[in-house]
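Geometric and topological summary
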Amino acid sequence: MARFLVRRLAVMVGMLFAISLVTFLLFIVALPGGNPAGMLAGRLATPAEVHLISVHYGFDKPIWVQYFRTMEHIFDGTSYSYQSGFNVLSEIEAGLPTTLSLALGAGVIWFLTSIVVGTLAAIKAGRYTDRVLTVLSMIGVSMPVFFLGAILIYYAGYKASLIPISGYVPLSNPADWLWHLIAPWFTLSVLFIGIYSRILRSTILDTINEDFVRTARAKGLSQRQVLLRHILRNSLVPIVSLWGLDLAQVIGGGAILTESVYSLHGVGYLAYQSVQHFDTVTLLSIVMLTAFCVVLLGAIVEVLYAFLDPRIRLQ
Amino acid sequence: MASLRDEAAFDTGITAEILDDTVELPPGVGPYRLAWRRLRRNRVALAFGLIFLLIVVLCLLAPIYSQDIAHISPDYGNPTGTVKVGGKTEDILNAVGIPVGPTWNFTHYFLGADEEGRDVAVRLLYGGRNSLEIGLVATLITMALAIIAGTLAGYLRGITDGIISRVLDIIWAYPAVLLGIVLGTVIEIRGLGPFHSTTLLSTALVVGFVYVPYVAKPIRAQVLALREREFIDAARQLGLSPLRIMTFEILPNLASTIIVFIPLVLANAILNEAALTFLGAGVQPPNASWGTMISDGISTIPEAFHNVLVPGIMLVLTVLSINVFGDGLRDALDPRARIRIGKE
């Protein structure tokens, strides 16, 4: 276990380093002249002023010095957005409650729903229920998030006035919080339910023919016990690993589309804004957060793996 | 004696005639012919494959519809014009700029106008052509890069595998949409060699690049298993070069995996193009695509919802038809899938 954690930690640091470097270089290459000073100074600035800003921010230094300085500021929380001048860390902190509410709520919904849908489709394989569920998950997989969002906003929001049209209400007002998140949760979950339930269905159908399932039946367990304790527990392995990665990406700002359709000003929305304004520091910080979540949840998932399937050893 | 033989044959499921060695065996049927037979029996998959073909043909006919039937170019806005809707004359854009809905008159603003007074039906076909084109090119890019990366990493292992796998991991750790808008924005500003923001190829390149790890990882895993098989060993003993083994021994064995992945990647590429365009990092105006149409249409909610609904339905229908056909294709190429369903 200790060796596993140390190895994981080393991989994690390496990945974070590589990802930050790639993002940093991409934006240095992209910025006009490789120097954000011109943008910071504004259109009417004299060359002398641009130079002053350049020196102040250290844009005149070699790229690797700039990189390490930027990263230093990101980690000690003293980096300021090139675009708005706000502290990046506090901007992310401001967006985090929205994104966490969206991600965790939707994550629970899509995980549980796809287990129910996938199991139902598998035990009714080939029959009417299975066909209907297959058609539904196919449509779910083919549905663009922003189109589904637009449909919900128009029909349920404007036409039927069932849901609020956009915005986020803090958790301090639980009823309104829930009210404003129902549509975004649904929108974000549909795609994942489609993917997960189909994977779970085929894994269950594979597992049903395994020897240990026959043994479980032979020793007289009820159908329900066989299904829950033996088949489902083993079939959950691929779903759990996918869930970890997807949830990590959504927490780290991956729900850009959902957040922008519903005007939820979370981390994804911030990432989108920072790309549009070439705000390297903000984007770098968010990408670091995403990568951190991905690597961290990846490690947690591997521990869960070993719990679900005793044949898997941590090494 | 004969009865014993019959009984043995019954047990193994082989008829007595075949056990008789004087009878000649029928010629074998290849795996792809078998797959085709299975696919032909899957009516639903074939029907959706046909729908997809129909959409492709319709989009290819865009110039003909635009010039000879609707007599309007996709970029021509006619904000002050009028159309007849059910015998009544209506402004294309009314006094507050809200576009007219579908006229259901096949020759004139069939599916209504957008917020600049352009013909939605004409733009739908032109936009579809762009969306499909980007999807197709992106799929080719993804598949080519993924096959090369996956095969090299899986066959050569060692340091090559280490480098390729780490690069794939880095791409993988980015959310697909975020990486897409980062790359899309970079190319939009700076261009990338010959690719500029106004060409569709740059969008295709971004979309294609993002999906490489999703295909390369499974291919690498399969190559890792394949390289331990006897026939690869035999090829190595014969002194064939690694390049030759990879192209002529490994690649043919990856064919069914590759075929299964193509519709999957195509469907996702078309969706991702629309998503990037929706966020402003994909297809740039004046080019139309289903993504730009939906994104323009969302600004006219709730007054002119047909601007979102029309391209949205086309997008879903296209992706759905690719997905259902692809599913049928996978079932046909992977016979175990059939057995799986039968055994329950």
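Note that the structure is a prediction, hence the values are computed from the model and not measured.

1. Observations regarding the overall build of chain B
Secondary structure summary: chain B contains 15 helices and two strands in total. Buried residues in chain B amount to 48% of all 344 residues. Taking the intrachain contacts of chain B between residues at least 6 apart in sequence as the baseline, contacts between residues at least 24 apart amount to 68%. Total accessible area on chain B stands at roughly 17,000 Å², and carbon and sulfur atoms take up 64% of it.

2. A look at a nonpolar patch on the surface
A cluster of nonpolar residues, A:Phe292, A:Leu296, A:Ile300, A:Leu304 and A:Phe307, forms a patch on the protein surface that exposes about 450 Å² of accessible area. Here A:Leu296 is to be found in helix H13 (residues 280-308).

3. Comments concerning the side chain of B:Ser165
Residues and elements named next belong to chain B. Of note, serine 165 is situated in helix H7 (residues 158-173). Looking at serine 165, the relative accessible area reads 12%, which means it is buried. A distance of 3.4 Å separates polar atoms of two side chains, one belonging to serine 165 and the other to arginine 220.

4. A few points about the interface of chain A and chain B
With 54 residues of chain A in contact, the opposing surface of chain B contributes 42 residues. Buried surface at the junction of chain A and chain B, both sides included, amounts to about 4,200 Å², of which 76% is carbon and sulfur. Three residues, A:Ser142, A:Phe146 and A:Phe147, lead the burial of chain A against chain B; their summed loss comes to 14% of the area buried on that side. At the boundary of chain A with chain B, the tally comes to one salt bridge. For the salt bridge of A:Arg198 with B:Asp327, the shortest nitrogen-to-oxygen distance reads 2.7 Å.

5. Description of the environment of A:Thr23
Structurally, A:Thr23 can be placed in helix H1 (residues 2-30). Judged by relative accessible area, which is 1%, A:Thr23 ranks as buried. Separated by 265 residues in the primary sequence, A:Thr23 and A:Met288 place their C-alpha atoms 9.5 Å from one another. Those residues within four positions of A:Thr23 in sequence are excluded, and the remaining contacts are A:Leu283, A:Leu284, A:Val287 and B:Tyr174.

6. Points about the side chain of B:Ser289
All names here are of chain B. Following the sequence through the fold, serine 289 ends up in the loop between helix H12 (242-278) and helix H13 (290-298). On the basis of relative accessibility, which here comes to 0%, the residue serine 289 falls in the buried class. Residue contacts for serine 289: discarding those within four places in its chain leaves Gly127, Asn130, Ser131, Glu273, Thr277 and Val283.

7. Some remarks on the domain arrangement of chain A
All names here are of chain A. Segmentation of chain A into domains returns domain 1 (19-76) and domain 2 (94-308). Relative to domain 2, the C-alpha centre of domain 1 lies at a distance of 38 Å. Counting residues at the interface gives eleven residues for domain 1, matched by ten residues for domain 2. For the domain 1 and domain 2 pair, buried surface summed over both sides reaches about 1,000 Å², with 90% attributable to carbon and sulfur atoms. Together, Thr23, Phe27 and Ile74 form the three largest contributors to the area buried by domain 1 at its contact with domain 2, with a combined 47%.

8. Topic: the confidence of the model for chain B
Residue and element names in this part refer to chain B. Averaged over every residue, the pLDDT of chain B is 81; residues scoring 70 or more account for 86%. Counting interchain partners and residues more than four positions distant, the pLDDT-below-50 stretch residues 1-17 has seven contacts. The complex prediction reports pTM at 0.84, with the ipTM value standing at 0.83.

9. Looking at the nonpolar core
Counting residues in each nonpolar core, the largest one holds 149 residues, and the members touching the most others are A:Ile19, A:Trp110, A:Phe146, A:Leu257, B:Ile181, B:Leu279 and B:Trp290. Leaving out residues up to four positions away in the same chain, B:Ile181 has contacts with A:Ile256, A:Tyr272, A:Val275, B:Leu276, B:Leu279 and B:Ala281. Residues B:Met143, B:Ile147, B:Ala149 and B:Phe261 belong to the second largest nonpolar core, which totals 23 residues.

10. Focus: H7(B)
Helical geometry: 3.6 residues make up each α-helical turn, so side chains three or four residues apart lie on a common side. Along its 16 residues, H7(B) runs 22 Å from first to last C-alpha, staying within 8% of the 22 Å computed at 1.5 Å per residue. Of the positions making up H7(B), those classed as buried are B:Asp161, B:Ile164, B:Ser165, B:Leu168, B:Asp169, B:Ile170, B:Ile171 and B:Ala173.

Rules of the game
Residues numbered from 1 in each chain as written. Chains lettered and ligands numbered in written order. Predicted model: local features only at pLDDT ≥ 70, side-chain atom pairs only at ≥ 80, totals over all residues. Heavy atoms only, no water. Helix = DSSP H or I, 4+ residues; strand = E, 2+ residues; numbered from the N terminus. Buried < 20%, exposed > 50% of the residue type's maximum accessible area, 1.4 Å probe, protein only. Contact = heavy atoms within 4.5 Å. Areas by Shrake-Rupley, 256 points an atom, 1.4 Å probe, with all protein chains shown as cover. Patch = residues over 30% accessible without salt bridge, like charges linked within 9 Å, V, L, I, M, F, W, Y side chains within 5 Å. Salt bridge = Lys/Arg side-chain N within 4 Å of Asp/Glu carboxyl O. Polar contact = N/O pair within 3.5 Å; in protein donor to acceptor, adjacent residues only side chain to side chain. Buried area = accessible area lost by both parts, 1.4 Å probe. Domains from an automatic or database assignment. pLDDT = per-residue confidence, 0-100. Core = buried A, V, L, I, M, F, W, Y, C linked by side-chain atoms within 4.5 Å. Expected span 1.5 Å × (residues − 1).

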